[in-house]
Amino acid sequence: MSLRLYNSLTRRVEPFAPLDPGRVTMYVCGPTVYHYVHIGNARPYVVFGLLARLLRRRYPQVIYARNITDVDDKINAAAVAAGVPIAAVTDRYAAAFREDMAKLGADAPDVEPAATAHIGEIIAMCEALIASGHAYAAEGHVLFNVASFPDYGRLSGRSTGELLAGARVEVAPYKKNPADFVLWKPSTPELPGWDSPWGRGRPGWHIECSAMAAAHLGDTIDIHAGGVDLVCPHHENEIAQSTCAHGGKTFARFWLHNGMLTFEGRKMSKSLGNVLQLHELLQKHPPEVLRFLLLKAHYRQPLDWSDAALKQARATLDGWYGVLRDLAGVDPAFGDAANEVEAALCDDLNTPEAFAALARRADEARRAVSPEAQRNAKGALLACGRWLGLLQQDPEAWFRQRAGADIDSAKVESLIEARRAARAARDFARADAIREELAAMGVAIEDGPQGTRWRVATRQAG
Ligand code: AMP
Ligand code: ZN
């Protein structure tokens, strides 16, 4: 099973082979931690986390770096507004980010570098770029000299002129060329800053990623990933800085980009004001429902988030967990069924195909009659689910969970027992009244051969 990935740099699906199979490297641009992230921000970490999972299965050592951008003008503004140092803002939201990623089952990185812990490397990279004529200092700033890098624009396939027309580049008197971008900028006394050869200042965003990638992964990395909105200018600038700082060596061999998550047809973004915070969604929905939706569409496609899609995801998972619950007493036999999911993922992370395989396994498990068929089918369903980070909970717990509102299970159990006693005494009016009481608590019950089961009733999405 060979791994094939779409490389944004060549615009083709290519067989993936690492530079050094003994040490595979991947860098994913991390969040800027000035607030809770939105559900769109979670997409790259769930998707490329799955890629890390796939790589870890195939290679003995994978180093996956996902940084934390903890110095940035938006962070500075948030800290000033709250009257606290930036670390008070960034520590809080970085912790919330990690917690929420863990809930979503996003595979953890091996290293999580923070920009503020790499100021020395950032300054050294600026110095190297100045020494080699790729950057210059002016009025407390250091700027990258775009004209010194003829390959600028290759990733996005645009010329410098087109890039300038498309992006709102800042025209400033200290720039030699309007396309030149900031590597270092001066800080006023109220703003966070570090001493440097150019005075007290702070780094630009792009150089942070170049410096952190080099510090942890080396001059040339196998995979660099992030959202497609970062292609230009962030990734163009990372390529320019790293290539020029490292004597022309290739920076990243494979560039992967996820499509944008949209909400009501528009890109979800804080600046458009149409965001759904991951933190809040996790209070209303089981994390697995969110994970399901983030992975169901192919990662390069746009993904439209909606209440209807959430409801559908919940219903599909209810169906699959229902199959597992019906097979609760069956010992799963694990064969090689999960290969099907792995093969789909090896095809440029074809999660729609992986989900189709999962659905087929669930159907087989639903139809299995003989004990052997049931054992195999249950094992296959669980193994396929494990690949995608789904279906690993106790089915009873799945049906009982209700994010945000805990149901008093002891009370539910005692009402079910009281109903059983009422039915045994043929007091059906009382039994019905208890059913109503349970329904009012948000609990649905089902009578079956193994007794009465309960679950949280499907709620209106929202
Ligand atoms: P930021 O904190 O804005 O740098 O974003 C963190 C990550 O989320 C980056 O990889 C972005 O490309 C990605 N991202 C931002 N908005 C969206 C969106 N609406 N859909 C998918 N990914 C996004
Ligand atoms: Zn980056």
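Since we're looking at a predicted model, the values are computed, not measured.

1. Here's the deal with the coordination of the zinc ion (ligand 2)
With distances of 2.0 to 2.4 Å, the protein atoms coordinating the zinc ion (ligand 2) are Cys-29 (SG), Cys-209 (SG), His-234 (NE2) and Glu-238 (OE). Bound by four donor atoms, the zinc ion (ligand 2) shows angles of 77 to 130° at the metal and therefore irregular coordination geometry.

2. Side note on the sheet that holds strand β13 (residues 303–305)
The sheet built from three strands is open, its strands ordered β12-β11-β13 with mixed pairing. On the outer flanks of this sheet lie β12 (266–267) and β13, each paired with one strand and no other.

3. Observations concerning the packing of aromatic side chains
Going through the model one piece at a time under the given rule, you end up with twelve aromatic pairs. Between Phe-292 and Trp-320, the ring centres sit 5.9 Å apart and the planes meet at 50°, which makes this aromatic pair tilted. Here the residue Phe-292 occupies a position in helix α9 (residues 287–296), and Trp-320 occupies one in helix α10 (residues 307–326), the gap between them amounting to 28 residues. Its relative accessible area of 2% is what places Phe-292 among the buried residues. On the basis of relative accessibility, which here comes to 7%, the residue Trp-320 falls in the buried class. Here the aromatic residues Phe-16, Tyr-59 and Phe-254 are joined through ring pairs into a cluster of three or more. In this arrangement the basic side chain of Arg-300 is found over the ring face of Tyr-6, its NZ or CZ atom lying 3.9 Å from the centre. In this arrangement the basic side chain of Arg-314 is found over the ring face of Trp-398, its NZ or CZ atom lying 5.6 Å from the centre.

4. With respect to the environment of His-298
Along the chain, His-298 falls in the loop between α9 and β13. Residue classification places His-298 among the buried positions, given a relative accessible area of 14%. Separated by 54 residues in sequence, His-298 and Pro-352 place their C-alpha atoms 6.1 Å apart. If we ignore the near neighbours within four places in the chain, the residues touching His-298 are Arg-43, Asp-348, Leu-349, Asn-350, Thr-351 and Pro-352. A distance of 2.8 Å separates a polar atom in the side chain of His-298 from the backbone oxygen of Asp-348.

5. A short note on the environment of Asp-318
Here Asp-318 is to be found in helix α10. Taking the C-alpha atoms as reference points, Asp-318 and Pro-371, separated by 53 residues in sequence, lie 23 Å from one another.

6. Details of the sheet that holds strand β8 (residues 201–203)
With antiparallel pairing, the four strands of this open sheet are ordered in space as β5-β6-β7-β8. Because the sheet does not close on itself, it has two edges, and the strands there are β5 (135–138) and β8. Across the sheet, the mean angle from the axis of one strand to that of its neighbour is 20°, orientation sign disregarded. Of the strands in this sheet, β5, β6 (141–144), β7 (181–186) and β8 are in contact with helix α4 (residues 119–131), which crosses β7 at around 120°. Those strands touched by helix α7 (residues 231–245) are β6 and β7, and its axis lies near 80° from that of β7.

7. Quick look at helix α12 (residues 351–367)
In this model, α12 (17 residues) spans 24 Å end to end at C-alpha, consistent with the 24 Å of a helix rising 1.5 Å per residue. Contacts made by the buried residues of α12 are with α1 (39–58), α9, α10, α11 (339–346) and α13 (371–388). The N-cap residue of α12 is Asn-350: its side-chain oxygen and the backbone nitrogen of Glu-353 are 3.1 Å apart.

Calculation rules
Residues numbered from 1 in each chain as written. Chains lettered and ligands numbered in written order. Predicted model: local features only at pLDDT ≥ 70, side-chain atom pairs only at ≥ 80, totals over all residues. Heavy atoms only, no water. Donors = N, O, S within 2.8 Å, 3.2 Å for Na, K, Ca; no water. Tetrahedral: all angles 85-135°; square planar, octahedral: opposite > 155°, others 65-115°. Pairing = 2+ DSSP bridges. Helix = DSSP H or I, 4+ residues; strand = E, 2+ residues; numbered from the N terminus. Phe/Tyr/Trp six-rings, centres within 6.5 Å; stacked < 30°, edge-to-face > 60°. Buried < 20%, exposed > 50% of the residue type's maximum accessible area, 1.4 Å probe, protein only. Lys NZ or Arg CZ within 6 Å of the ring centre and 35° of its normal. Contact = heavy atoms within 4.5 Å. Polar contact = N/O pair within 3.5 Å; in protein donor to acceptor, adjacent residues only side chain to side chain. Axes fitted to C-alpha atoms, helices over the stretch in contact; angles between N-to-C directions. Expected span 1.5 Å × (residues − 1).

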